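What the coordinates show
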Amino acid sequence: MFLHKLTFLLILFTQVLNNEALRVLVFFPMPSKSHSILGQGVVSRLLEKGHEVVHVTSFPRDKPEPRLKEIDVSIIGQRTRVHAQGISDLFKLENLVYAGNFGDHPLFLRFCFEVHRLTLEEKVLVDFFSDKNEHFDVAIVEWFFSELGSGIGPLFQCPQIWFGSTEAHWQVLKIIDEIPNTSYNVDLFSESRPPLTFVERVQELWMMLKKYIMISQNITPLEKSVYNSVYNAIASKRGVSMPSYDEAVYNGSLLLVNSHPSIGTPYRLPQNAKYIAGYHIDQNIKPLPKDLQKIMDQAKHGVIYFSMGSNLRSIDMSVHMKESLLKMFGQLKQTVIWKFEEDLKDVPSNIHLVKWAPQLSILAHPNLKIFITHGGQLSTTETIHIGVPVIGIPALGDQYINMKSVVAKGFGLLVNLAEDMAPKIKNAIEEMLNNDSYRQKAKQLSKVYHDRILPPGEELVYWVEYVSRTGGATHLRSMAIDVPLYQKLYLDLIALVVIILYLLVVLLKKFIRTYLKYNTLKSKTS
């Protein structure tokens, strides 16, 4: 027995020696709860493996933890609303009914720029970045419609890993590879899904070109200016030199994609892009609070859970929308749990309003029948993680393309956000309750989602450690980012062919003129 214990301790000691802890900077500045969940998930997985983490976040944890230092930039959320007035109105459900998606809206693009600018100019962050004693083995930077974070890795002279919080799409893929072909790769904010019709292909191409030009003309010059002013000033204090903005943007070692083919579209990814969706979900699902546990246990006809996520709030619905949904839900025999941010009067007895909902715990309860969701990436991932059917009401961002995938894969139905959507939701509920194929498909895809070489949390940590071990994993980088556009399109070859053809035509004409002149002279002399 003593020998067995001694052997175990020796093995454990050897593993500790061989598993040197990394110091990792995790940069997730977006003032959004859903983005915070993703950032905290990265931090949790790294801490579990014994690494040291510095986390730049707008949502710090309630209690301090060993090996974790948090830089609180929550003040940025307040300042951003001042610099990008009107952005909050874009997120109101009452307005989204008529506004449509805003992926290429100048206000949205400016909002993302302002968040990153204000974060990088925040004194607490500037002071931390300027400290010569601060060093990192790897920096993980969330990409969210801004490349301003590209200077963080070069500033600390360490490899940088980009983190894409949504499905893969051309805007994030272009920083590690070439822009994907729009004939079968749609924009993140598109309402189409491959295979595309002729009209849809033209629309996708136009959407990409329009957005590319808009960003190049209106956002990139601003980002270059901030990059040069902020990073160069900090770099001089640290005694390092910064690459140019264009060099830094395409210098990322890896892209972690918060998606998986079982959920979304199976994009053709380069070697240094990895799917890690579901990493934020803890292995052990927490038990429900006693009141919700009792409600779900005693629901004789099952439970329908309704939530529009953390950014969209039910209280921002119009009065008619709220009242029509309450009336419709009240007619069901199922128990309805509705994430609602305030108390309402005259609520039907089968409806339970909750201001906060432990979503994963609710989804995991065996009595849950249907999840009615906005179709955000986190909710979609958690849905397939558990394996439950969904009714999606996309309102903005990537929710449209997410729900298009859900419908195409057969485990959900889509209802358009509208003032009169209550009857359509009821029809979708009845269809799903009477047709078990949706639940069966959800369970089937859940098995596919879980069937991986490593659990997503472990795979995330593996690639972070791999990038550090290999000094930036430069051998995985796509050669496409070093090839100019004119070479990719063979414009030089086309130019050469045109020149050759032109010279041949000129020579042919000259030959014909000479030949005709010769024949004319010959005929005259004869």
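Since this is a predicted model, take the numbers as computed values, not measurements.

We now examine the nonpolar core. Counting 62 residues, the largest nonpolar core has Leu-25, Phe-129 and Ile-152 as the members making the most contacts within it. The element that contributes the greatest number of residues to this core is helix H10 (residues 198–238), accounting for nine residues. Each residue touching Ile-152, except ones within four places of it in the same chain, is listed here: Leu-25, Phe-27, Phe-129, Ala-139, Val-141, Gln-160 and Tyr-231. Core analysis: the next-biggest nonpolar cluster, separate from the first, contains 33 residues, Met-328, Leu-332, Leu-417 and Tyr-438 among them.

One pass over the full model with this rule turns up three cavities of 30 Å³ or more. Here the largest cavity defines a volume of roughly 100 Å³. Element by element, the count of residues in the lining of the largest cavity is highest for H10, at four residues. In terms of residue class, the lining of the largest cavity is made up of five nonpolar, three polar and three charged.

For the rest of this paragraph, the subject is the side chain of Arg-61. By the secondary structure assignment, Arg-61 is in the loop between strand E2 (52–57) and strand E3 (68–72). For Arg-61, the residues in contact, after removing those within four places along its chain, are Gln-40, Val-43, Ser-44, Leu-47, Leu-68 and Glu-70.

The subject of this paragraph is unusual backbone geometry. Following Pro-194, the chain continues to Pro-195 via a peptide bond in cis, the omega torsion being 0°. Backbone geometry places Asp-346, a non-glycine residue, at a positive phi of 55°. Topologically, Asp-346 is positioned in the loop between strand E9 (335–339) and strand E10 (351–354). Overall, the relative accessible area of 75% leaves Asp-346 in the exposed class. Phi angles above zero are rare outside glycine, and Ala-473 is one such case at about 50°. Here Ala-473 lies in the loop between helix H19 (456–469) and helix H20 (485–488).

An order of E3-E2-E1-E4-E5-E6-E7 is seen for the seven strands of this open sheet, with the pairing classed as parallel. Bordering the open sheet on either side are E3 and strand E7 (273–275), each of which pairs with just one other strand. Across this sheet, the average inter-strand angle for adjacent strands is 20°, counted without regard to direction. Along the sheet face, H19 touches strand E1 (23–28), strand E4 (138–143), strand E5 (160–164), strand E6 (254–257) and E7 and points at about 175° away from the line of E6.

How each quantity is defined
- Residues numbered from 1 in each chain as written.
- Predicted model: local features only at pLDDT ≥ 70, side-chain atom pairs only at ≥ 80, totals over all residues.
- Heavy atoms only, no water.
- Core = buried A, V, L, I, M, F, W, Y, C linked by side-chain atoms within 4.5 Å.
- Buried < 20%, exposed > 50% of the residue type's maximum accessible area, 1.4 Å probe, protein only.
- Helix = DSSP H or I, 4+ residues; strand = E, 2+ residues; numbered from the N terminus.
- Contact = heavy atoms within 4.5 Å.
- 1 Å grid on protein atoms, 1.4 Å probe; cavity = no way out; pocket = protein on both sides within 12 Å on 5 of 7 lines; lining within 4 Å.
- Points joined across faces, edges and corners; volume = space filled by probe spheres on them.
- Nonpolar A, V, L, I, M, F, W, Y, C, P; charged D, E, K, R; others polar.
- Pairing = 2+ DSSP bridges.
- Axes fitted to C-alpha atoms, helices over the stretch in contact; angles between N-to-C directions.

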